[in-house]
Amino acid sequence: MTIMPPYGTLLGLTVDRTIGDAPRFAMPFHEDVVGRPGYLHGGAIAGLLEFAAFTTLSDAIGDDTVVMKPVTVTVDYLRGAGESRGDTHAEAIIERLGNRIANVDVIAWQTDRERPVATARINFLLDRP
């Protein structure tokens, strides 16, 4: 079960753990995530990508005592995420999970996973007790 922090609740995020190996997040289009009229705000998209990365990595580590610190976050905005295309989805892929470092790629899309609206690469420092 994923407990959603306040920012995730504001974004309206939901998580589905029944599709594939990684949790899949969805963010509906609503007033709190609007940037320019009819499109998602870039910060809302980045928040969705970040939640997908943290949740997927946390699930893979499986130890709540490990502190995950993002050291680099790179977001590429590829196309406008419009209201007419419905919910925005995100899924993360762990490229490397070591003892001290983890590299996670995330993709966000609306109607077609093959046409992403944004991608992210997040490198984490893992602080293990």
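Structure report, in brief. (Residues numbered from 1 in each chain as written. Predicted model: local features only at pLDDT ≥ 70, side-chain atom pairs only at ≥ 80, totals over all residues. Heavy atoms only, no water.)

**A look at the nonpolar core**
General note: in soluble globular proteins, nonpolar side chains tend to be found buried as a group. One finds Met27, Leu57, Val106, Phe124 and Leu126 to be the most contacted residues of the largest nonpolar core, which totals 31 residues. Contributions of two or more residues to this core are made by strand 2 (24-27), helix 2 (42-61), strand 4 (88-97), strand 5 (101-109) and strand 6 (118-127). Examining the composition of this core, we find that nine residues originate from one element, helix 2, more than from any other. Apart from residues lying up to four places away in sequence, Phe124 is in contact with Ala53, Phe54, Leu57, Met68, Lys69, Pro70, Val71, Arg100, Ile101, Ala102 and Val104. (Core = buried A, V, L, I, M, F, W, Y, C linked by side-chain atoms within 4.5 Å. Buried < 20%, exposed > 50% of the residue type's maximum accessible area, 1.4 Å probe, protein only. Helix = DSSP H or I, 4+ residues; strand = E, 2+ residues; numbered from the N terminus. Contact = heavy atoms within 4.5 Å.)

**Describing the packing of aromatic side chains**
For the coordinates displayed, the defined rule picks out two aromatic pairs. With a centroid separation of 6.3 Å and an interplanar angle of 25°, the aromatic rings of Tyr7 and Phe51 are classed as stacked. Separated by 44 residues along the polypeptide, Tyr7 in helix 1 (residues 6-11) and Phe51 in helix 2 bring together distant segments of the chain. Tyr7 gets classed as partly exposed once you look at its relative accessible area, which sits at 39%. When its relative accessible area of 15% is taken as the criterion, Phe51 is described as buried. Ring geometry for Phe54 versus Phe124: centroids 5.0 Å apart, planes at 85°, classification edge-to-face. With Phe54 in helix 2 and Phe124 in strand 6, this pair connects stretches of sequence that are 70 residues apart. (Phe/Tyr/Trp six-rings, centres within 6.5 Å; stacked < 30°, edge-to-face > 60°.)

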